[in-house]
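Coordinate inspection notes
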Amino acid sequence: MNLLLFFILGLLVHFVFFVSIFDIYFTSPLVHGMTPQITPLLPPARRLVLFVADGLRADSLYELDENGTSRAPFIRNIILHKGSWGISHTRVPTESRPGHVALIAGFYEDVSAVAKGWKENPVEFDSLFNESKYTWSWGSPDILPMFAKGASGDHVYIHCYTAEKEDFGAQDAARLDTWVFDQVKDFFQSAKSNQSLFLKLNEEKIVLFLHLLGIDTNGHAHRPSSREYKDNIRKVDDGVKEIVSLLEDFYENDEKTAFVITSDHGMTDWGSHGAGHASETLTPLVSWGAGIRYPQQVSTQLFEDEFLKEWQLENWKRQDVNQADIAPLMASLIGVPFPLNSVGILPLDYLNNSDLFKAESMLTNALQILEQFKIKMTQKKEVTLPFLFTPFKLLSDSKQLEILGKARSYLKQKKYQDVISLCKELIHLALEGLSYYHTYNRFFLGISVVMGFIGWISFATVMIIKSHSSLTRSVVKSGKNPHYLLPCSFVVIGVLIAFFLLIQACPWTYYIYCLLPVPIWYAVLKEFQVIQDLITSLLTFSGKHSVVFLLVFTLGIEILVLSFFYRYMLTAGLITIACWPFFTQLWIQAKITSLGWTLFSLLLAVFPLLPVLGREPNITLVTGAGLLIFLISLSSFAYLWKRKSKYICEDLPVHLCQMVGVLISTYIVNSTHSSLLQKQGLPQINQIVSWAILASSLVVPLLGPTIVFQRLLSILLSLMSTYLLLSTGYEAFFPFVLSCLMLVWICMEQETLQQSGVSCTQKLTSIHFAYNMDITQFRQLHLDDIRRSFFFVFFIVTAFFGTGNIASINSFDPSSVYCFLTVFSPFMMGSLMMWKILIPFVLVMCAFEAIQVTTQLSSKSLFLIVLVISDIMALHFFFLVKDYGSWLDIGTSISHYVIVMCMTIFLVLLSGLAQLLTTKKIKLWGKTKPHFM
């Protein structure tokens, strides 16, 4: 098979494997067609006011400051004298959109919404706002529009500030909350002279929603421990107090207003959110007013944490809820139907109402969730063959009728507690059944993907053996065609699978997952003679030697897998790699090079041990890294000048330009940091120059010669200029240490090749990358090339996790991108952070290209082994994906698989980028002269 075609096919196959995880684990849980359920009793409140303090942690609101006073005295007074309180437990991903969807719609967001930046509706859903008679909302343009767009009719009104106001570098982010409070005051003032608006505001079943983003913005910019974050909480408390007083005056203290204040998510100590740390998932919930229970004093409370003692609230009953439970609570208070897609369970302990009202509300809650279960079961039954359909046995039709019959009977007998118990049982069974039908096809799809994975790994292995090794040369020459029965058999299998999927009305993606293994396995079995010849060849090897090699290879793969969970495994691996020369002849043959290898391996081994999260920005370290890079580049230039390289004059303008770029980047980082500390925002000139440096970083290296040493140095300097702009601390040294190790690795492989008897006497200052393009006959792969490929994969993983575990969303520090932008833009910020992660990736890829040149290998042969190793890792993580346990465990297991699949896809794409960066040359002056050996 043509290698280009093979890599295109490989890219497509891996893309399918990558997408499959979303069909298996991330399909939308929503169903449609349910009948609205409403409690048939008069509600306690005519209106609801919902305050959502974005990014507010539970401990930040409830704790007392160093003087023993609350930073939110009004809300503290509510807890002690007027209402109920507790902790709302959120779920991963702890982002603004999923949090608000859980609060207002009552279900946990479909993660496919990340493709919309958590701003748009990937699917239609019902919400409290949609069920209300009127909803008025004020706040961020990132949150409010999605509920207005999803509402039926024209009864949800939004008032947003501009997106440009969400600036992390602004003087005072609390002004976002001040804007909201001022708008609400003006709104009610205008209602006094606007008869139509006045009448609407005096209707029942209305909602007022205040989205307060200042706390979240200050947390990102200054961290939750900062004065700015804590002062913002005080301003929110003052604002809430003013709004409550305003409403009491407007409605003449009719005591028909219910108030709820909570948060969509918390925030880590280092100012990020998205993962499942307790500081992100524990948010406050305080409610008071019409229909809400007054404070309950208790002597003891059973909670595993020590928060009650820390917050000095041991004697006031704490009532924790899941975040989705707040939606049915609010619906119950104002008497609107529970949101159709809600999976929340009504927290009865918050209600100050009769037992009859609580029992009726709980029955309504149970019927609303049972409706979803019935629709989900019907949908699955309609697209499954009768003899293959396995119903959820714990909640059969007879069981449903039995529970509902008993509940209605107890209701007539006024046994309200028994009604509540039965309804809770029905809700839990219905939720379990919803999960069962939602994951109904998971095992079937998983088997299909695994078959495809194993088939692809086998196919890639056969390709390596057939085209790049000397084990099966006789087989390649014979080139026998497979028996006609083999293709006919696979055609029949494919037709049967397609027919099976067709009669079950499966989505089109299922056809891809289930049919993909068929041609892959055909391609493998077609090379039966190669496989047979390989087995014969392996049997001739020493059994002891083969077992030892297999054990070492397996151990290496497991270390790579474990490094995704424990970064210190990278340190253990690097220490082992540092000792490699001492177990070979390299220590005798090249002592200086071996010592350099050991030194830089040990230096790189330090980075995985350094703290990745919770660290404060240290611009001094970034400055030190910039100056070190400048001095190294100056020394390299002096070395080349001293050798009187004939390319030094050609490289002079480019080299000087890159040296200046490193100094400019260092200055911009310091200047921007200083400006933001003084709350003067991001200087525009800094922003323009930063983007210019980023844009030129992949072009400038192409202006210099293609000599291995000079081109690698040029790539390092260009990419380091960008990396410095994206650095906030010690990680600025990481690409430099990594590049030094890569340079020594290239020299080590040259020495290793000479041990094998292959002549390789040229130095890195004389070998051209373009030399690789001129070789017509490449040597065959040796056993040592598997070790080279493993080293490459290990260095790629080290480049990925060396300065942080990006399997956790909250590893991202927004301050990394402040040289480029400070206004909130999730995709732009995410793209810049991703490029920061990929820069060390590119450096390793370019070094690998150099190794392929210096070891006289085809530019694709080693890479085939790399793909096999990466796919074995991906298969590991596919089996480790779980949908049980804590949400942190579930999210981490899925993100590991996504990362290793992205890594494999990026390897294919970055291989092309590395070839472009190393072999191509742009000539801007004079005539281009080829420099081939």
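Residues numbered from 1 in each chain as written. Predicted model: local features only at pLDDT ≥ 70, side-chain atom pairs only at ≥ 80, totals over all residues. Heavy atoms only, no water.

Moving on: the overall build of the protein chain. When you go through the protein chain residue by residue, the secondary structure sums to 36 helices and eight strands. The buried share of the protein chain, reckoned over its 933 residues, is 57%. Accessible surface, the protein chain: about 38,700 Å² in total, of which carbon and sulfur atoms supply 62%. (Helix = DSSP H or I, 4+ residues; strand = E, 2+ residues; numbered from the N terminus. Buried < 20%, exposed > 50% of the residue type's maximum accessible area, 1.4 Å probe, protein only. Areas by Shrake-Rupley, 256 points an atom, 1.4 Å probe, with all protein chains shown as cover.)

Across all of its chains, the model carries 57 aromatic pairs by this definition. On the basis of an interplanar angle of 70° and a centroid distance of 5.2 Å, the ring pair of tryptophan 138 and phenylalanine 187 is categorised as edge-to-face. With tryptophan 138 in strand β3 (residues 134-139) and phenylalanine 187 in helix α7 (residues 175-191), this residue pair connects regions lying 49 residues apart in the sequence. Like phenylalanine 187, tryptophan 138 is buried. On the basis of an interplanar angle of 50° and a centroid distance of 5.0 Å, the ring pair of phenylalanine 582 and tryptophan 587 is categorised as tilted. For phenylalanine 582, a relative accessible area of 40% puts it in the partly exposed group. Joined through ring pairs, the aromatic side chains of Tyr134, Trp136, Trp138, Tyr157, Phe187, Phe188, Phe198, Phe250 and Tyr251 make up one cluster. Of note, arginine 91 hangs over the ring of tyrosine 108, and the distance from its end group to the ring centre comes to 3.9 Å. Here the guanidinium or amino end of arginine 787 rests over the ring plane of phenylalanine 791, the centre of that ring lying 5.1 Å away. (Phe/Tyr/Trp six-rings, centres within 6.5 Å; stacked < 30°, edge-to-face > 60°. Lys NZ or Arg CZ within 6 Å of the ring centre and 35° of its normal.)

Turning our attention to unusual backbone geometry. The residue lysine 205 is not glycine, and still its phi comes out positive at about 60°. Despite not being glycine, glutamine 312 shows a phi value in the positive range, around 55°. For glutamine 312, the position within the fold is in the loop between α12 (307-311) and β8 (321-322). For glutamine 312, a relative accessible area of 47% corresponds to the partly exposed category.

With that out of the way, let us pick up the packing of helix α3 (residues 73-81) against helix α10 (residues 227-250). Axis separation between α3 and α10 bottoms out at 7 Å; the angle between their running directions is 65°. Each of Pro73, Phe74 and Ile75 in α3 lies in contact with α10, whose residues at this interface are Asp237, Val240, Lys241 and Val244. Tallied by class, residues from the contact of α3 with α10 come to five nonpolar, no polar and two charged. (Axes fitted to C-alpha atoms, helices over the stretch in contact; angles between N-to-C directions. Contact = heavy atoms within 4.5 Å. Nonpolar A, V, L, I, M, F, W, Y, C, P; charged D, E, K, R; others polar.)

A few words now on the packing of helix α29 (residues 684-696) against helix α30 (residues 708-725). Interhelical geometry of α29 versus α30 gives an angle of 145° and a closest axis separation of 9 Å. Relative to α30, α29 is oriented so that their crossing is left-handed. Contacts between α29 and α30 involve Ser690, Ile693 and Leu694 on the former and, on the latter, Ser721, Thr722 and Leu725. (Left-handed = near helix turned anticlockwise from the far one by under 90°.)

Our next topic: the sheet that holds strand β1 (residues 47-53). The mixed open sheet is built from eight strands, whose spatial order is β4-β3-β5-β1-β6-β7-β2-β8. The sheet is open, and its two edges are formed by β4 (156-160) and β8, each paired on a single side. Inspection of the sheet shows strand β6 (residues 257-262) paired to strand β7 (residues 282-289) by five bridges, in the antiparallel sense. Across the sheet, the residue bridging to threonine 262 is leucine 285, located in β7. Against the sheet, helix α13 (residues 326-334) makes contact with β1, β2 (83-89), β5 (206-212), β6, β7 and β8, and its axis sits at roughly 155° relative to β1, the strand it touches most. (Pairing = 2+ DSSP bridges.)

A residue-level look at the protein chain finds 87% of positions with pLDDT of 70 or above and a mean pLDDT of 86. A low-confidence stretch, residues 772-777 (pLDDT under 50), is modelled with six contacts involving residues beyond four sequence positions or located in other chains. (pLDDT = per-residue confidence, 0-100.)

The next point concerns the pattern of salt bridges. Counting across every chain of the model gives 21 salt bridges. Arginine 318 is the partner of aspartate 305 in a salt bridge, and the nearest nitrogen-oxygen pair spans 2.9 Å. Taken together, the residues aspartate 305 in the loop between β7 and α12 and arginine 318 in the loop between α12 and β8 connect sequence positions 13 residues apart. Using a relative accessible area of 26% as the deciding quantity, one classes aspartate 305 as partly exposed. The residue glutamate 402 makes a salt bridge to lysine 406 at a minimum N-O spacing of 3.6 Å. Taken together, the positions of glutamate 402 and lysine 406, both in helix α15 (residues 397-412) and four residues apart, correspond to about one turn of that helix. A relative accessible area of 39% means that glutamate 402 is categorised as partly exposed. When its relative accessible area of 39% is taken as the criterion, lysine 406 is described as partly exposed. Each member of the salt-bridge network shares a partner with another, and the members are Asp65, Arg227, Glu228, Asp231, Arg234 and Lys679. (Salt bridge = Lys/Arg side-chain N within 4 Å of Asp/Glu carboxyl O.)

Another aspect to go through is the side chain of histidine 655. The topology assignment puts histidine 655 in helix α28 (residues 648-677). A distance of 3.1 Å separates a polar side-chain atom of histidine 655 from the backbone oxygen of serine 633. Excluding residues within four positions of it along the chain, histidine 655 makes contact with Ser633, Phe637, Leu713 and Leu717. (Polar contact = N/O pair within 3.5 Å; in protein donor to acceptor, adjacent residues only side chain to side chain.)

What follows concerns the nonpolar core. Among the nonpolar cores identified, the biggest contains 147 residues, and Trp597, Phe792, Phe795 and Met873 are the most heavily contacted of them. Element by element, the count of residues in this core is highest for helix α34 (residues 826-854), at 18 residues. In terms of domain composition, this core takes at least three residues from each of domain 3 (443-539) and domain 4 (543-766 + 782-857). Those residues in contact with methionine 873, other than ones at most four positions away along the chain, are Ile557, Leu560, Val561, Phe564, Val793, Val797, Val900 and Met903. One finds Ala45, Leu128, Leu144 and Ala407 within the second-largest nonpolar core, a separate group that totals 67 residues. (Core = buried A, V, L, I, M, F, W, Y, C linked by side-chain atoms within 4.5 Å. Domains from an automatic or database assignment.)

Tracing the backbone through its elements, the reader meets valine 898 in helix α36 (residues 887-919). Assessed through its relative accessible area of 17%, valine 898 is described here as buried. Valine 898 sits 881 residues away from phenylalanine 17 along the chain, and the two C-alpha atoms are 9.7 Å apart. If sequence neighbours within four positions are ignored, valine 898 has contacts with Phe18 and Ile21.

Our next topic: a nonpolar patch on the surface. There is a patch of nonpolar side chains on the surface, built from Leu562, Phe565, Tyr566, Tyr568, Leu609 and Leu880 and spanning about 580 Å² of accessible area. Given the relative accessible area of 38%, leucine 880 is considered partly exposed. (Patch = residues over 30% accessible without salt bridge, like charges linked within 9 Å, V, L, I, M, F, W, Y side chains within 5 Å.)

A few words on helix α14 (residues 355-382). Its 28 residues give α14 an end-to-end C-alpha distance of 40 Å, which sits within 8% of 40 Å, the value for a rise of 1.5 Å per residue. Burial analysis of α14 places 20 of its 28 residues in the buried class, which makes it a mostly covered element. (Expected span 1.5 Å × (residues − 1).)

Within β6, six of the six residues are buried, which leaves the element mostly enclosed by the surrounding structure. Of the two faces of β6, the one holding Thr257, Phe259 and Ile261 and the one holding Ala258, Val260 and Thr262 are both buried throughout. Relative to β6, β1 is paired through six bridges, and the arrangement is parallel. By the bridge assignment for β6, valine 52 is matched with threonine 262.

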